[in-house]
Amino acid sequence: MAWRRALAQDVVIGGTICGSGDLGAQLILSEASKKEVESSVDVRRFVAMGTYGATAAVPYHLWYVFLARRFPTATYLKTALECLVVLPLFEIPAVVLWTGFFGRNQTLGAAVAQLRADFWTAWGYGLAVWGPASVAIFARVPYRWHVTSFYSIGALWDFGISYIAFDRSEAAHVKSDHAAATEFAEKRIS
């Protein structure tokens, strides 16, 4: 019963922090930040990031329990697994594809193209955030609080990954199918 409560807590914390990180990115980095707050917040994007955080908390909860049981004192091994396995093979693809589908309304092809365009930037940023954070958390934080601690540091990650996924210049982004179709139609009409 205690594991269910711990998992539920991680889900709530994960959704709240991911949503908050995205909201911060929207309010601080958005060109529309000079307008009223209500008109500058992309609710679909906010919900996509929040639901991603809540959903991803489940595999992360299980992952950190596994690491704590299998490698209780191996701080650097756990950090290497976090940065060289989880980050490039789970976190980056999952967040970019999730936000592509739910935040940008992209097709699978467009979301995969988005992942290809943003992967190296996201991984470099992820290594800068998660390398030092993983060492500190695995060395000093009791394993029960690993998900909560990672999600707390994750507010910084979510701010940056939200920026990478949504706010970078149009030249760096793959446009959604709808936007590309609209642009094509406008060129054909004129």
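**Side note on the overall build of the chain**
- Check the secondary structure of the chain and you find seven helices and zero strands.
- Helices and strands in the chain line up, N terminus first, as α-α-α-α-α-α-α.
- The buried share of the chain, reckoned over its 190 residues, is 44%.
- Across the chain, contacts joining residues at least 24 apart in sequence account for 75% of those joining residues at least 6 apart.

**Some details on the packing of aromatic side chains**
- Taken as a whole and assessed by the stated rule, the structure comprises 16 aromatic pairs.
- Consider the rings of Phe66 and Phe71, whose centres lie 6.2 Å apart with planes at 90°: the pair is edge-to-face.
- A relative accessible area of 40% places Phe66 in the partly exposed class.
- Residues Phe119 and Trp123 carry aromatic rings whose centres are separated by 5.7 Å and whose planes lie at 45° to one another, so their mutual orientation is tilted. Highlighted residues: Phe119 and Trp123, both in helix α5 (residues 108-140), separated by four residues, approximately one helical turn. One exposure class covers both Phe119 and Trp123, and it is buried.
- The structure contains a cluster of three or more aromatic residues connected by ring pairs, namely Tyr60, Tyr64, Phe90, Tyr125, Trp130, Phe138, Phe150 and Trp157.

**What to know about the pattern of salt bridges**
- A complete count under the given rule lists one salt bridge for this structure.
- We note a salt bridge from Arg45 to Asp22, for which the minimum N-O separation is 2.5 Å. With Arg45 in helix α3 (residues 43-70) and Asp22 in helix α1 (residues 2-29), the pair connects residues that are 23 residues apart, well separated along the chain.
- Note on Arg45: relative accessible area 5%, which makes it buried.

**Things to note about the packing of helix α4 (residues 75-103) against α5**
- Relative to each other, α4 and α5 sit at 145°, their axes nearing to 7 Å. In this structure, the crossing between α4 and α5 has a hand that is right-handed.
- When the residues that make up the contact of α4 with α5 are grouped by side-chain class, the tally is 22 nonpolar, seven polar and two charged.

**Observations regarding empty space enclosed by the protein**
- Summed over the entire model, instances satisfying the criterion amount to one cavity of 30 Å³ or more.
- One number sums up the size of the largest cavity: a volume of about 190 Å³.
- Lining the largest cavity are 16 residues, and of these Tyr60, Tyr64, Glu91, Trp130 and Phe150 lie nearest its centre.
- Of all the secondary structure elements, the ones that give two or more residues to the lining of the largest cavity are α3, α4 and α6 (146-167).
- With six residues, the single largest contributor to the lining of the largest cavity is α6.
- A class-by-class count of the residues in the lining of the largest cavity yields twelve nonpolar, one polar and three charged.

**A short note on a nonpolar patch on the surface**
- Taken together, the side chains of Leu27, Ile28, Leu29 and Tyr163 define a hydrophobic patch exposed on the protein surface, amounting to about 340 Å² of accessible area.
- Top element by residues in the nonpolar patch is α1. It accounts for three residues.
- Along the chain, Tyr163 falls in helix α6.
- In this structure Tyr163 comes out as partly exposed when scored by relative accessible area, which is 33%.

**Structural notes on the confidence of the model for the chain**
- Averaged over every residue, the pLDDT of the chain is 81; the share at 70 or more is 82%.
- Confidence, read as mean pLDDT per element, is least for helix α7 (residues 177-189) in the chain (45) and greatest for α4 (93).
- Contacts for the low-pLDDT stretch residues 169-178, under 50 throughout, to residues beyond four places or in other chains number 23 contacts.

Quick notes on the rules
Residues numbered from 1 in each chain as written. Predicted model: local features only at pLDDT ≥ 70, side-chain atom pairs only at ≥ 80, totals over all residues. Heavy atoms only, no water. Helix = DSSP H or I, 4+ residues; strand = E, 2+ residues; numbered from the N terminus. Buried < 20%, exposed > 50% of the residue type's maximum accessible area, 1.4 Å probe, protein only. Contact = heavy atoms within 4.5 Å. Phe/Tyr/Trp six-rings, centres within 6.5 Å; stacked < 30°, edge-to-face > 60°. Salt bridge = Lys/Arg side-chain N within 4 Å of Asp/Glu carboxyl O. Axes fitted to C-alpha atoms, helices over the stretch in contact; angles between N-to-C directions. Left-handed = near helix turned anticlockwise from the far one by under 90°. Nonpolar A, V, L, I, M, F, W, Y, C, P; charged D, E, K, R; others polar. 1 Å grid on protein atoms, 1.4 Å probe; cavity = no way out; pocket = protein on both sides within 12 Å on 5 of 7 lines; lining within 4 Å. Points joined across faces, edges and corners; volume = space filled by probe spheres on them. Patch = residues over 30% accessible without salt bridge, like charges linked within 9 Å, V, L, I, M, F, W, Y side chains within 5 Å. Areas by Shrake-Rupley, 256 points an atom, 1.4 Å probe, with all protein chains shown as cover. pLDDT = per-residue confidence, 0-100.

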